[in-house]
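# Tertiary structure, described
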Amino acid sequence: MPAQVILQPRPYASLPGKLLLLPLLPIQEPSKDLPSEIWTEILLYSLVSEVPGSTSWCWSLLSVCKTFRDIALPLIYSRVQISETHSLEKLYGRLQTADQKWDSIRRIPYSTPGRWVQTMDFSGLRFTGQRQALLLDSVLTSLFPLVPLLSELHINPSFVLSRRVLFSLCDRDGATNLRTLTGLTYVSPPSSRPEDDPFVQLLQCVPNLEQFELVGQGLEPVDYEWITPVEPPSMEYFRPLNLPKLRVLSLLSMHSSPLMLALLHSPLPALRKLTLTPYDDIPYPASLTSALITAHGHSLTSLLLFTLKSWPTRLRPSPDNLFSIAPKLRHLSLENPLPNLTLNEPHHLQILSIPRPRPEVWRALDRLFKYLPHLHVIRARDVKWIRTGISTVALSAGVQGEMREWKRRLARRHIRLLDGDWNEDSTA
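The rules behind the values
Residues numbered from 1 in each chain as written. Predicted model: local features only at pLDDT ≥ 70, side-chain atom pairs only at ≥ 80, totals over all residues. Heavy atoms only, no water. Helix = DSSP H or I, 4+ residues; strand = E, 2+ residues; numbered from the N terminus. Buried < 20%, exposed > 50% of the residue type's maximum accessible area, 1.4 Å probe, protein only. Contact = heavy atoms within 4.5 Å. Areas by Shrake-Rupley, 256 points an atom, 1.4 Å probe, with all protein chains shown as cover. Core = buried A, V, L, I, M, F, W, Y, C linked by side-chain atoms within 4.5 Å. Disulfide = S-S within 2.5 Å. Pairing = 2+ DSSP bridges. Patch = residues over 30% accessible without salt bridge, like charges linked within 9 Å, V, L, I, M, F, W, Y side chains within 5 Å. Salt bridge = Lys/Arg side-chain N within 4 Å of Asp/Glu carboxyl O. Arc of directions from axis to C-beta. Axes fitted to C-alpha atoms, helices over the stretch in contact; angles between N-to-C directions. Parallel < 35°, antiparallel > 145°, perpendicular 65-115°, else oblique. Left-handed = near helix turned anticlockwise from the far one by under 90°. Nonpolar A, V, L, I, M, F, W, Y, C, P; charged D, E, K, R; others polar.

Secondary structure assignment for the protein yields 13 helices and 14 strands. Expressed as a percentage of its 428 residues, the buried residues of the protein come to 42%. Looking at the protein alone, contacts between residues at least 24 apart form 70% of all its contacts between residues at least 6 apart. Total accessible area on the protein is roughly 24600 Å²; 55% of this is exposed by carbon and sulfur atoms.

As structure tokens, this is what we get:
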């Protein structure tokens, strides 16, 4: 029984009164501690998911107790993965309502749960039409200012984000927290000046960016016949991009753009992995791919040349001097048609990826092996080893037969042959 509390508001009065302090609510008895065995059963039931890799355990914690709910909610909102448009609308409605209720009395400047969001993954959102694309564009424009601590953003390249979405992403509190940006689709602006490019303006606001992946519109086969060299705009007054932490850069289906011109004239000291679509037969300055490799090749450890497969697919040649302009390469991925690589001194290349093994490719590589003493893996990017249980005749025919012939030859040089999934032959 708690001790009584007596108040004496006027102790020096001639007739001082005394008041008995009574609790407004009934006194709750302290809760009893549950045995550890019961807690074990609760946690196992809540945390063990039936689906491997699923995050449903976070949702299970919400129904255990209030303390667990306070722990689980930030974890749930930290990574948002959405594959339906109506789910994105619900998320925006939830964040907007919470932000409107947030007041200046609170010591935390940003509302919850918006400040808990660190990763947003919309790569699984399928494109269904222009109406859906316009709705997504409008929702994202209003959503980005509500997530100031956003560090990773992944978009489906099927959606072309408007200029207002890009401005909303960069012109907000916490834009410097963005570190990963992938899946964006690039459309060349009317102006050829890098200062007017919305993607260049975006990169100027994210100095802590570490990974940036962009997909261009590419060139139709008929466009190749009409490409004429055009003098690039003057870069005299251009302010170089400040991207000291950018490690991974991917620019697919893009031969030239104001963005590439800006990256060409900006230092990228931390760049280690570069992915490009080769356009070496288009003369400079209409094509900037070779110039971009030359400008930043001295620090690259991984160079991937890849062409997105579409119909019709037209493959373009790659530079022949890749080893000289990128002396620190450890992984090189080539695209058809394979370049006539020149190498006159030992190189430190360790992994070489080719589209698929062919006799003419072997002849080209055979003369380079003596200059590649550290090469220990060759990967056939577009081929997979056939599954076990297939007849011996099927294993020795076609591409599979060529793969096994390559495997036998490479084994003499202590080089492993892997397929597109980085797996070795399981039928041996």
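As a further point, take the nonpolar core. With 98 residues, the main nonpolar core has Leu-140, Phe-212, Leu-251, Leu-259, Leu-263, Leu-332 and Ile-378 as its most contacted residues. With six residues, helix α8 (residues 258–264) is the largest single contributor of residues to this core.

Going through the model one piece at a time under the given rule, you end up with zero disulfides. Looking at Cys-170, it has no disulfide partner, and the nearest cysteine sulfur is the one in Cys-205, 4.2 Å off.

Here Tyr-371 shows up in the loop between α11 (359–366) and β13 (377–380). Remark: the alpha-carbon pair of Tyr-371 and Leu-343, spanning 28 residues in sequence, is separated by 7.0 Å. Setting aside residues up to four positions removed in sequence, Tyr-371 forms contacts with Leu-343, Asn-344, Glu-345, Pro-346 and His-347.

A few words now on the pairing of strand β8 (residues 248–252). Burial within β8 is extensive, with five of its five residues counted as buried. The alternating pattern of β8 places Val-248, Ser-250 and Leu-252 on one face and Leu-249 and Leu-251 on the opposite face, and all of these are buried. With five bridges joining them, strand β7 (residues 211–215) and β8 adopt parallel strand pairing. Counterpart to Leu-214 in the pairing with β8 is Leu-251. Alignment of β8 against strand β9 (residues 273–276), held across four bridges, turns out to be parallel.

Attention now moves to a nonpolar patch on the surface. A surface patch of nonpolar side chains, amounting to about 390 Å² of accessible area, comprises Leu-34, Ile-38, Trp-39, Leu-43 and Leu-47. Note that Leu-34 resides in the loop between β2 (19–21) and α1 (36–47).

The set of residues buried in α11 consists of Val-361, Trp-362 and Leu-365. Around the axis of α11, the buried residues are gathered within 100° of arc, so they sit on the same side. Along its buried surface, α11 packs onto β12 (351–354), β13 and α13 (398–412).

This brings us to the packing of helix α5 (residues 130–143) against helix α6 (residues 163–170). The N-to-C vectors of α5 and α6 enclose an angle of 20°; their axes lie 9 Å apart at closest approach. Judged by the angle between their axes, α5 and α6 are roughly parallel. In this structure, α5 crosses over α6, and the sense of that crossing is left-handed. Contacts between α5 and α6 involve Leu-134, Asp-137, Ser-138, Leu-140 and Thr-141 on the former and, on the latter, Arg-164, Val-165 and Ser-168. Residues that form the contact of α5 with α6 fall into these classes: three nonpolar, three polar and two charged.

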